[in-house]
Amino acid sequence: MTTTPTKAQIIDGVALSKQLREDVARRTAALKTRGVTPGLAVVLVGDNQASQVYVRNKVKACSDAGLHSVLEKYDASMPEAELLARVEALNNDPAIHGILVQLPLPAHIDAHKVIEAISPTKDVDGFHVASAGALMVGQPGFWPCTPYGCMKMLESIGYDLRGKHAVVIGRSNIVGKPMALMLLQKNATVTVCHSATANLKAMTLQADVIVAAVGKRNVLTADMVKPGAVVLDVGMNRDDAGKLCGDVDFAGVSTVASHITPVPGGVGPMTITMLLVNTIEAAEREATRLEKLGNISK
Ligand code: GUN
C-alpha cells in the first residue's frame, strides 16, 4: 500500500505582516491625532553587510507605516563611551519612542552595557534585562520581536497551546529563551533543546509544536517530526547554491507537518513587523503618560 504524503499548510509571514502592518498604520494615524508621531531610532556601528540590509529594511518599514525614524550610522572605531552618550541622548529625545542598537557591535564595545543603557520604556527590541524579567514574571514590557512574531503566527492559525508540548531548539537570549517563556505563558509544556541535548530526535518526535532557532541547515528533518506537528523555522542560512534557507528541511518536513513556515517569507518579515508593533506600543504608553500628566497639572 502506498500512502500519499500530506502537504503542510504554509504560514505566510508576508501576508500576516501585511495585515499587522495595516493595523500599525491605523494606530499611527490615531496617535497623530493625539499629537504624537511614533519614532524609532536605529543605531548602526560599523559596516557589517547583513546589518546594513537589516537596518535599511527596518527604517523603510517605519516610513511605509507612517512612523518617524532616524538611522544613525557610525564608524566601526566609535568609542564605547560615545555610543553610550548617543543612547543617553536618545533616551531623552521626546521624538523617539523606540531605540534599537543593531547587533553585533564591534568587539571593543560591550553590547550588554549598551543594551542596559537603553531606557526600558524605549527598549523595543526587548533585549534589556528589565524586559527579559518582565516577560519571565508575566508583567507588561517589550517582547523580543522574533519570538513575538512566532506567537502571532500560531495565533493566526487559531492554535491553542494549552496542554500542547512545544519543543524549542536553541537557547539564545534573543529567540530560544524568550520563546520558551512565551509558550509557557500560553500553557504549553515546553522543552528547550540545545547543542548539548543528548537525543534531539527523541524530543522533537514528542512535540506538537517545534520552533527551530539554531542557525544551522537541516537541524530538523522529516523523520524527527510527529505527523501533524506545527513547525516554525527561525533559521536564516545559505544552502550550497547560496540560496536562503532555514534550519528546517522544508521539502521533507512539509510532508509530515500540518503547518510550516517557509524561509524566506516566514518568520523573517514578522520580526520587523513586531518591531513596528513594539514601537507603536511604546509611543501609545508615552502618549497616555503625557496625557495623564497634562490632566494632573490642569
Ligand atoms: N541583529 C540581528 N537581529 C537583530 C535584532 O532583532 N535586533 C538587533 N538590535 N540586532 C539584531
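Refer to the structure presented above.
What you see is a predicted model, and the numbers here were worked out from it, not measured in a lab.

What follows covers the side chain of His-128. Secondary-structure assignment places His-128 in the loop between α4 (111–117) and α5 (129–137). In this structure His-128 touches Ile-115, Glu-116, Ile-118, Pro-120 and Asp-123, once residues within four positions along its chain are discounted.

What follows deals with the layout of surface pockets. Estimated volume of the largest pocket: approximately 1300 Å³. Lining of the largest pocket is provided by 46 residues; of these, Tyr-54, Thr-146, Met-236, Gly-268 and Thr-271 occupy positions nearest its centre. Of all elements in the fold, only α2 (49–64), β4 (98–101), α6 (145–156) and α10 (267–297) reach the threshold of two or more residues within the lining of the largest pocket. The biggest single contributor to the lining of the largest pocket is α2, with 9 residues. Looking at the lining of the largest pocket residue by residue, the classes come out as 26 nonpolar, 12 polar and 8 charged.

Every residue near the ligand is listed here: Lys-58, Leu-100, Val-101, Gln-102, Leu-103, Asp-125 and Phe-127. At 2.8 Å, a backbone N or O of Val-101 approaches a nitrogen atom of the ligand. At 2.8 Å, a backbone N or O of Leu-103 approaches a nitrogen atom of the ligand. For the ligand, whose free accessible area comes to 280 Å², the fraction covered by protein is 78%. With respect to the pocket detection grid, the ligand is positioned in the largest pocket.

Criteria and thresholds
Residues numbered from 1 in each chain as written. Predicted model: local features only at pLDDT ≥ 70, side-chain atom pairs only at ≥ 80, totals over all residues. Heavy atoms only, no water. Helix = DSSP H or I, 4+ residues; strand = E, 2+ residues; numbered from the N terminus. Contact = heavy atoms within 4.5 Å. 1 Å grid on protein atoms, 1.4 Å probe; cavity = no way out; pocket = protein on both sides within 12 Å on 5 of 7 lines; lining within 4 Å. Points joined across faces, edges and corners; volume = space filled by probe spheres on them. Nonpolar A, V, L, I, M, F, W, Y, C, P; charged D, E, K, R; others polar. Near = heavy atom within 4 Å. Polar contact = N/O pair within 3.5 Å; in protein donor to acceptor, adjacent residues only side chain to side chain. Areas by Shrake-Rupley, 256 points an atom, 1.4 Å probe, with all protein chains shown as cover. Sits in = over half its atoms within 2 Å of the grid points.

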